[in-house]
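Chain by chain, the residues run as shown.
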Amino acid sequence: MNKKKLVVTTALITLLSSFAYAAQEMAAPKTYPKGEIGKIVKLGEDIVNNTDTHPLTKDFVGNKLQCKSCHLKGADGKVGTGKGISSWIGTAATFPAWSKREKTVQTLQDRSNNCFMRSMNGKRPIIDTEASIAIAAYITWLSEGSKIKMNAKGPWSEHNTKLYPKAVKHFKKIQKNATHENYLAGKEIYKNQCASCHGVNGEGLATFPPLWGKDANGNWLSYNTGAGMSKLDKAAAWVKSNMPLGQGNSMSDQDVADVVLYMNAQERDSFDLKKRLLPKEEMGYYNSKVFEEKHTVESNFKALGLDLNKIKNGK
Ligand code: HEC
Ligand code: HEC
């Protein structure tokens, strides 16, 4: 084979194998493991589908979401196999992983349980309880066949690391310049492209999850101000990649930035880490060096140099 042919062939093989990897990457294994481990994987799957109503987790949830609300289903109908940002394929292969937020190396259970007090607006479950192990088992099953690869950048799978930090940085630049006009534009985009599923007031409709606000009994409906989704830049990265449902990457960056500005300017529960942990005698080991952390809608805007009041009301 001459040199040029060899280069072309090598390139072709690399391309084909990366397609094969991508195709295999975004689906759960075809069968459950046998025996007790299979039962635990199925329990975990049940929990991530029904987190707010499942008997093992409902007391740790303070909204109407499930893990599947953000870790979307892929073509195989399994939670966390969606192609976009926050897929769980390969996630287990990256833990233990360094987390800047907790300033410790976190396990997969740590990472999942933290989502309960933030995205799920509840309390942090106890490590090594049945629910905690079952969720980790389900996510680990999705990583069967993935190569173990430690990640110095953050507690994300290799797939998410490729998409997420770069998109967050990109949107931060755009959102720093937001004005009241962007808020009004976002309101319009919300009405036209989101409200048909998520409700005019973000309250959710049928099986479509709520985005903000309270129900008639005064209970919060969605993620709180400590969730990744409550940060303008992180939410924009996620929305661009995943919404409108089934049409990820179809909106312009400016439209995404504006609609997220509108969505995250609405009311949601505040985050105070101390109130999210169980009493010391009950919570078990909390693997973190950080015990003080508070956020509000206002402080999340301030983090990007934005004045919530000015953005919302124009003065
Ligand atoms: C409101 C949206 C939302 C909900 C609900 C949610 N998460 Fe997440 N989760 C995210 C986002 C966004 C990220 C990545 C961003 C980050 O690290 O800041 C993430 C990251 C993760 C990761 C790391 C995945 C990786 O490879 O990058 C795990 C594990 C995880 N979540 C578990 C859970 C579990 C378990 C539940 C249910 C108890 C849950 N999440 C509910 C939004 C959500
Ligand atoms: C065709 C219906 C549909 C449209 C349109 C749509 N979504 Fe969603 N969205 C969903 C569904 C369904 C989920 C949760 C996936 C699941 O439960 O399987 C979701 C999840 C979300 C979540 C994370 C969960 C939560 O409730 O906080 C956010 C944020 C979100 N969508 C924002 C948007 C935005 C912004 C738009 C408009 C640009 C939009 N969506 C348009 C159906 C839709």
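Note that the structure is predicted; figures quoted are calculated from it, not measured.

Asks: Explain the coordination of the iron atom of ligand 1 to me, please; I cannot follow it from the model alone.
Replies: Octahedral metals with six donors have ideal donor angles of 90 or 180 degrees. Tetrahedral metals with four donors have an ideal donor angle of 109.5 degrees. Within the protein, the atoms that donate to the iron atom of ligand 1 are His 71 (NE2) and Cys 115 (SG), at distances of 2.1 to 2.7 Å. Geometry at the iron atom of ligand 1 is octahedral, judged from the 6 donor atoms that bind it and their angles of 77 to 179° at the metal. Of this pair, His 71 sits in the loop between helix H2 (35-49) and strand E1 (97-99) while Cys 115 sits in helix H3 (residues 108-117), and the two are 44 residues apart along the sequence. Residue class for His 71 comes out buried when judged on its relative accessible area of 16%.

Asks: For this particular structure, what's the right way to read the domain arrangement of the protein?
Replies: Think of interface size as the accessible area that goes away when the parts come together; that is how it is often given. Split by domain assignment, the protein resolves into domain 1 (31-142) and domain 2 (158-313). Inter-centroid distance (C-alpha atoms) of domain 1 to domain 2 is 20 Å. Contact residues are listed per partner, giving 31 residues for domain 1 and 36 residues for domain 2. Around 2,800 Å² of area is buried between domain 1 and domain 2 when both sides are counted, 53% of it from carbon and sulfur atoms. Counting the surface domain 1 buries against domain 2, the share from its top three residues, Ile 85, Arg 118 and Asn 121, is 26%. Seen at the junction of domain 1 and domain 2, the total is 1 salt bridge. Connecting domain 1 to domain 2 are 26 residue pairs in polar contact (both at pLDDT 80 or more). Its residues placed into classes, the side of domain 1 that touches domain 2 shows 9 nonpolar, 13 polar and 9 charged.

Asks: Looking at this structure, I do not really get the packing of aromatic side chains. What am I missing?
Replies: The full count for this structure, using the stated rule, is 9 aromatic pairs. When the ring of Trp 88 is compared with that of Tyr 138, the centres are 6.3 Å apart and the planes differ by 75°; the resulting orientation is edge-to-face. A residue pair is termed long-range when its members are at least 10 positions apart, and Trp 88 in the loop between H2 and E1 and Tyr 138 in helix H4 (residues 130-142) qualify at 50 residues. Take Trp 88: its relative accessible area is 8%, and that puts it in the buried class. Its relative accessible area of 0% is what places Tyr 138 among the buried residues. Seen from their ring centres, Trp 156 and Tyr 164 are 5.5 Å apart, and the 70° between their planes marks the pair as edge-to-face. Owing to a relative accessible area of 21%, Trp 156 belongs among the partly exposed residues under this scheme. Over the ring of Tyr 32 we find Lys 42; its NZ or CZ atom is 4.9 Å from the centre of that ring.

Asks: Even after reading the chapter, I still don't get the UniProt feature "domain: Cytochrome c" (unreviewed entry) in the protein, so can you show me in this structure?
Replies: According to UniProt, the positions carrying the feature "domain: Cytochrome c" (unreviewed entry) are residues 39-143 and 181-267. Within the segment residues 39-143, helix and strand shares are 32% and 6% respectively, and the terminal C-alpha atoms sit 17 Å apart. The span residues 181-267 carries 45% helix and 0% strand; its end-to-end C-alpha distance comes to 20 Å.

Asks: Where do I start with the nonpolar core in this structure?
Replies: Side chains that are nonpolar tend, in soluble globular proteins, to be buried together. One finds Tyr 190, Trp 238, Val 260, Leu 261, Met 263, Phe 301 and Leu 306 to be the most contacted residues of the largest nonpolar core, which totals 40 residues. Going through the elements one at a time, helix H5 (158-175), helix H6 (180-193), helix H8 (232-242), helix H9 (253-263), helix H12 (297-302) and helix H13 (308-313) are the ones with two or more residues in this core. Among the elements that make up this core, the one with the highest residue count is H9 (7 residues). Summarising the domain contributions, this core has at least three residues from each of domain 1 (31-142) and domain 2 (158-313). Met 263 has contacts with Leu 211, Trp 212, Tyr 223, Ala 235, Val 239 and Arg 268, leaving out every residue within four places of it along the chain.

Asks: What exactly am I supposed to notice about a nonpolar patch on the surface here?
Replies: Residues Leu 205, Phe 208 and Leu 245 make up a contiguous nonpolar surface patch of about 260 Å² in total accessible area. Within the secondary structure, Leu 245 sits in the loop between H8 and H9.

Asks: What am I meant to see in the coordination of the iron atom of ligand 2 here?
Replies: Around the iron atom of ligand 2, the protein contributes the donor atoms His 198 (NE2) and Met 243 (SD), at 2.0 to 2.4 Å from the metal centre. For the iron atom of ligand 2, the 6 donor atoms are set out with angles of 86 to 180° between them, so the coordination reads as octahedral. With His 198 in helix H7 (residues 195-198) and Met 243 in the loop between H8 and H9, this residue pair connects regions lying 45 residues apart in the sequence. Met 243 matches His 198 in its accessibility class, with the two residues each being buried.

Definitions and limits used
Residues numbered from 1 in each chain as written. Chains lettered and ligands numbered in written order. Predicted model: local features only at pLDDT ≥ 70, side-chain atom pairs only at ≥ 80, totals over all residues. Heavy atoms only, no water. Donors = N, O, S within 2.8 Å, 3.2 Å for Na, K, Ca; no water. Tetrahedral: all angles 85-135°; square planar, octahedral: opposite > 155°, others 65-115°. Helix = DSSP H or I, 4+ residues; strand = E, 2+ residues; numbered from the N terminus. Buried < 20%, exposed > 50% of the residue type's maximum accessible area, 1.4 Å probe, protein only. Domains from an automatic or database assignment. Contact = heavy atoms within 4.5 Å. Buried area = accessible area lost by both parts, 1.4 Å probe. Salt bridge = Lys/Arg side-chain N within 4 Å of Asp/Glu carboxyl O. Polar contact = N/O pair within 3.5 Å; in protein donor to acceptor, adjacent residues only side chain to side chain. Nonpolar A, V, L, I, M, F, W, Y, C, P; charged D, E, K, R; others polar. Phe/Tyr/Trp six-rings, centres within 6.5 Å; stacked < 30°, edge-to-face > 60°. Lys NZ or Arg CZ within 6 Å of the ring centre and 35° of its normal. UniProt positions renumbered as here; feature names shortened; annotations may be inferred. Core = buried A, V, L, I, M, F, W, Y, C linked by side-chain atoms within 4.5 Å. Patch = residues over 30% accessible without salt bridge, like charges linked within 9 Å, V, L, I, M, F, W, Y side chains within 5 Å. Areas by Shrake-Rupley, 256 points an atom, 1.4 Å probe, with all protein chains shown as cover.

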